[in-house]
Amino acid sequence: TKPSCEYQPGLEGIPVAQSSISFVDGKNGILEYRGINIEELAQKSTFLETAYLLIWGKLPTKDELANFQDEITRHRRVKYHIRDMMKCFPESGHPMDALQTSAAALGLFYSRRALAKEEYIRDAVVRLLAKIPTMVAAFAQMRMGNDPVQPSDNLNYAANFLYMLTEKEPEPLEARIFDVCLMLHAEHTMNASTFSAMVTASTLTDPYAVVASAVGTLAGPLHGGANEEVLVMLEEIGSVENVRPYIEDCIENKKKIMGFGHRVYKVKDPRAKILQQLAERLFELTGHDEYYDIALEVEKVVTEKLGHKGIYANVDFYSGLVYRKLGIKPDLFTPMFAISRVAGWLAHWKEQLAVNRIFRPTQVYIGDRGIPYVAIEDR
Ligand code: SDX
């Protein structure tokens, strides 16, 4: 088939879907979920209500939300077969690899193709939203030699995750701040992991395989993996005085600065602004963080040097500082992103099912043609 447009590396600027789930204005730093702006949701909503909004396209009534929350609470536990499988994972393994493997394994036990479509969608949405946090926390406990902490039946979504991870009930403010982080990371139009989810979904495979594909894509340092790399960078810099020479060296050697730049945002990511406010609220509760001073200086220097190229702080720059203060280890920062983005991936999975057209793009062939086969003796 004749290409309908020029080849664009990274599909930059190429629309691959029509979607009504979220909207980004990269020039003005605007993000909306189903038309509602992220600042208002961060203030007034919760992660589960936002997940419902993204997936079913409207804010739930009181009863709809209560039923949704109850169903998810009831499905938090994971079959012992999967926990036993996770016991064989090497402690040194990265939690994103553990999550990708265990997300795919959920399909072995829970894929319900026989269900009628709407029920099939709701069943998968509930089980994935309910069980992904349990598996992340279970791996984090097991690699320390502990038994997984059984999910609570009465803590809300965010508090339950922190409880399973740290074995202690979080302060209400800590749980609320984590819940807002989950809302901020839930959805972001055609990012790489969502596109990966859509391509996988377009073959009508099961939603557990869709999420496993997306987790593998999110893990990369150019995408969700950046939040963990930011902490590594702040530790490497070590002090406010070292920031300028460090950043100048990165730019000199064309080394990408983690937590900065974005394919769409050419101003500061609106989510970074909210995450900064959350970080500052946490510091009031738990004490100041010297890494925040370094981070502020990094943002100042990078904006000074690269702002003219439209390179500003993105969602990954401050998120790690919030997670660290919540007692979350750096290699669990990207799994936090994954727990949240399951909502967006499933919203696009559902939207893709309605399109029902397999992704099969074309290419510009630049290789040789008509080459004869040469016997190995003659090579
Ligand atoms: C997320 O898509 C999404 O929405 C993703 C996300 C979501 O919610 O799903 O928002 C989450 O992934 C945020 C991004 C996290 N990644 C990082 O922080 C890693 C560092 N960032 C870069 O790798 C980069 O900015 C990307 C990957 C985010 C965007 O890459 P693009 O759009 O392909 O840009 P590019 O690599 O073509 O760079 C354009 C120019 C280049 O300079 P020139 O060669 O033109 O001189 O900008 C420079 C780049 O060198 N540049 C950077 C830079 N990012 C781009 N220079 C230094 N540091 C950076 N971070």
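Refer to the structure presented above.
Here the structure is a predicted model, which is why all the values come from computation and not from measurement.

Asks: Even after reading the chapter, I still don't get the overall build of the chain, so can you show me in this structure?
Replies: Assigned secondary structure in the chain consists of 16 helices and 3 strands. In terms of C-alpha radius of gyration, the chain reaches 22 Å, essentially the compact-globule figure of 21 Å for 379 residues. Buried residues in the chain amount to 51% of all 379 residues. Excluding contacts between residues fewer than 6 apart, the proportion of contacts in the chain whose partners are at least 24 apart in sequence is 76%. Carbon and sulfur atoms make up 52% of the accessible area of the chain, which totals about 18300 Å². With 43 positive and 49 negative side-chain charges, the chain shows a spacing of 5 Å between the two charge centroids.

Asks: What exactly am I supposed to notice about helix H6 (residues 117-142) here?
Replies: One full turn of an α-helix is made of 3.6 residues, so residues set three or four places apart face in the same direction. Taking 1.5 Å of rise per residue, 26 residues should cover 38 Å, and H6 covers 36 Å from first to last C-alpha, within 8% of that figure. Among the 26 residues in H6, 22 count as buried, and that is most of the element.

Asks: What exactly am I supposed to notice about the environment of Pro335 here?
Replies: Among the structural elements, Pro335 can be located in helix H16 (residues 333-355). On the accessibility criterion, Pro335 (0% relative accessible area) is buried. Residues Pro335 and Leu218, spaced 117 residues apart in sequence, show a C-alpha to C-alpha distance of 9.1 Å.

Asks: How should I be thinking about the packing of aromatic side chains in this particular structure?
Replies: Two descriptors summarise a pair of aromatic rings, namely the distance from one centre to the other and the angle between the planes of the rings. All chains considered together, the criterion is met by 15 aromatic pairs. Centroid distance Tyr52 to Phe68: 5.4 Å. Interplanar angle 80°. Geometry classified as edge-to-face. Of the two residues, Tyr52 sits in helix H2 (residues 47-56) while Phe68 sits in helix H3 (residues 62-74), which places them 16 residues apart along the sequence. Residue classification places Phe68 among the buried positions, given a relative accessible area of 0%. With 4.6 Å between their ring centres and 50° between their planes, Phe260 and Phe317 make a pair best called tilted. On the criterion of sequence distance, the pair formed by Phe260 in the loop between helix H12 (243-252) and helix H13 (270-286) and Phe317 in helix H15 (residues 315-325) is long-range, its members being 57 residues apart. Just as Phe260 is buried, Phe317 falls in that class too. An aromatic cluster is defined as three or more aromatic residues linked by ring pairs; in this entry it consists of Phe260, Phe283, Tyr292, Phe317 and Tyr318.

Asks: What am I meant to see in unusual backbone geometry here?
Replies: Across the chain, the bulk of peptide bonds are trans and the bulk of non-glycine residues have phi less than zero. Even without being glycine, Leu11 reaches a positive phi, approximately 55°. Positionally, Leu11 belongs in the segment before strand E1 (22-25). One non-glycine residue with positive phi stands out, namely Arg34, at about 50°.

Asks: Can you help me understand the pairing of E1 in this one?
Replies: For a regular strand, side chains alternate in direction, first toward one face of the sheet and then toward the other. Two strands pair when backbone bridges link them, and E1 and strand E2 (residues 30-33) are joined in this way by 4 bridges, in the antiparallel orientation. Its bridge partner lying in E2, Val24 is registered against Leu31. Between E1 and the antiparallel strand that follows it, E2, lie 4 residues; Gly29 among them carries a positive phi value of about 65°.

Asks: I tried to follow the environment of Ser4 on my own but got confused; where do I start?
Replies: Of note, Ser4 is situated in the segment before E1. Along the chain, Ser4 and Thr362 lie 358 residues apart, while their C-alpha atoms are 9.1 Å from each other.

Asks: It is not clear to me how the nonpolar core should be interpreted in this structure. Could you clarify?
Replies: Soluble, globular proteins show a tendency: their nonpolar side chains are buried together. In terms of nonpolar packing, the biggest core is built from 117 residues, with Leu129, Phe161, Phe178, Val298 and Ile328 touching the most fellow members. In terms of residue count, the dominant contributor to this core is H6 (16 residues).

Rules used in this analysis
Residues numbered from 1 in each chain as written. Predicted model: local features only at pLDDT ≥ 70, side-chain atom pairs only at ≥ 80, totals over all residues. Heavy atoms only, no water. Helix = DSSP H or I, 4+ residues; strand = E, 2+ residues; numbered from the N terminus. Rg over C-alpha atoms; globule rule 2.2 N^0.38 Å. Buried < 20%, exposed > 50% of the residue type's maximum accessible area, 1.4 Å probe, protein only. Contact = heavy atoms within 4.5 Å. Areas by Shrake-Rupley, 256 points an atom, 1.4 Å probe, with all protein chains shown as cover. Lys, Arg positive; Asp, Glu negative; His and termini not counted. Charge placed at Lys NZ, Arg CZ, Asp CG, Glu CD. Expected span 1.5 Å × (residues − 1). Phe/Tyr/Trp six-rings, centres within 6.5 Å; stacked < 30°, edge-to-face > 60°. Pairing = 2+ DSSP bridges. Core = buried A, V, L, I, M, F, W, Y, C linked by side-chain atoms within 4.5 Å.

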